[in-house]
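Topology and contacts: notes
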Amino acid sequence: VQLQASGGGLVQAGGSLRLSCAASGRSFSRDTVAWFRQGPGKEREFVAAIWRSTSNTYYSDSVRGRFAISRDNAIGLVYLQMNSLKPEDTAVYYCATDARLILSSIAMARMYNYWGQGTQVTVSS
C-alpha cells in the first residue's frame, strides 16, 4: 500500500488545518492508521490513531482535545482535523498504517511498515 499525505500549510496560532491521508494499491479501511509528526531537531512522535475498522481513536497528551482523527471508508481517506494550533505543533506530519499492528504498539513508529511522504505544517505565533 502507498500512502499520500496532504493538507499541510502555514497557519497562525489558534487556526485550523485538516490533513488527509489517501491509500493506493489496496484499501486500508480495515487497518489501523496513525499520524506521527517530526519537528525540527526532534524525533518522530505519535499524534493520533484510529484502530482498524472501529471508530476507536487514540491521541497523544499534547494534542488531545484539539486534534481529531477520522476516516471515510467510502472514499478511502483518513483525516486529521487540527484545531487551536500552537507554534509547537510545527512539524512534518506523516500518516502510517500496518495491517498487523497490535493495540499495545499503536504509538510506536517502528511498528508501522507503510508511510506517506509527509506534509509540512507551520504554525506562526
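Keep in mind the model is a prediction, meaning the values are calculated, not measured. Sequence order as written defines the numbering, with residues in each chain counted from 1. Given that this is a predicted model, residues contribute local features only at a pLDDT of at least 70 and side-chain atom pairs are listed and counted only at 80 or more, while totals for whole chains, interfaces and linings are drawn from all residues. Processing note: side-chain calculations cover all non-hydrogen atoms of the structure and skip hydrogens and water entirely.

A separate point is the side chain of Arg37. Going along the chain from the N terminus, every DSSP run of H or I of four or more residues is numbered as a helix, and every run of E of two or more is numbered as a strand. Turning to its location among the elements, Arg37 is positioned in strand β4 (residues 32-38). For Arg37, a relative accessible area of 5% translates into the label buried. Polar contact is defined as a pair of N or O atoms within 3.5 Å, subject to the rule that within protein one atom must be able to donate a hydrogen and the other to accept it, and that residues adjacent in sequence are counted only when both atoms are side-chain atoms. Side chain to side chain, Arg37 and Ser62 meet in a polar contact 3.4 Å long. Reaching out from Arg37, the side chain makes a polar contact with the side chain of Tyr93 at a distance of 2.9 Å. Two residues form a contact once any of their heavy atoms are found within 4.5 Å. Not counting residues up to four positions away in its chain, the partners in contact with Arg37 are Glu43, Arg44, Glu45, Val47, Ser62, Val63, Phe67, Glu88, Asp89, Ala91, Val92 and Tyr93. Per-residue accessibility, obtained with a 1.4 Å probe over protein chains only, is compared with the maximum for each type, and a residue is labelled buried under 20%, exposed over 50%, and partly exposed between these values.

Time to look at the packing of aromatic side chains. Stacked, tilted and edge-to-face pairs are distinguished by plane angle, under 30 degrees for stacked and over 60 for edge-to-face with tilted covering the rest, among Phe, Tyr and Trp rings (Trp via its six-membered ring) whose centres lie within 6.5 Å. Inspection of every chain in the model, using the stated rule, returns five aromatic pairs. Pairing Phe36 with Tyr112 gives two aromatic rings, centres 5.3 Å apart and planes at 75°, and the pair type is edge-to-face. Pair noted here: Phe36 is in strand β4 and Tyr112 is in the loop between β9 (91-98) and β10 (114-115), with a separation of 76 residues, a long-range link. Aromatic pair Tyr112 and Trp115: ring centres 6.2 Å apart, planes at 65°, arrangement edge-to-face. Charges are assigned to positions over rings by a cutoff of 6 Å between ring centre and Lys NZ or Arg CZ, combined with an angular limit of 35 degrees from the ring normal. Residue placement shows Arg44 over the ring face of Trp115; its charged tip is 4.7 Å from the ring centre.

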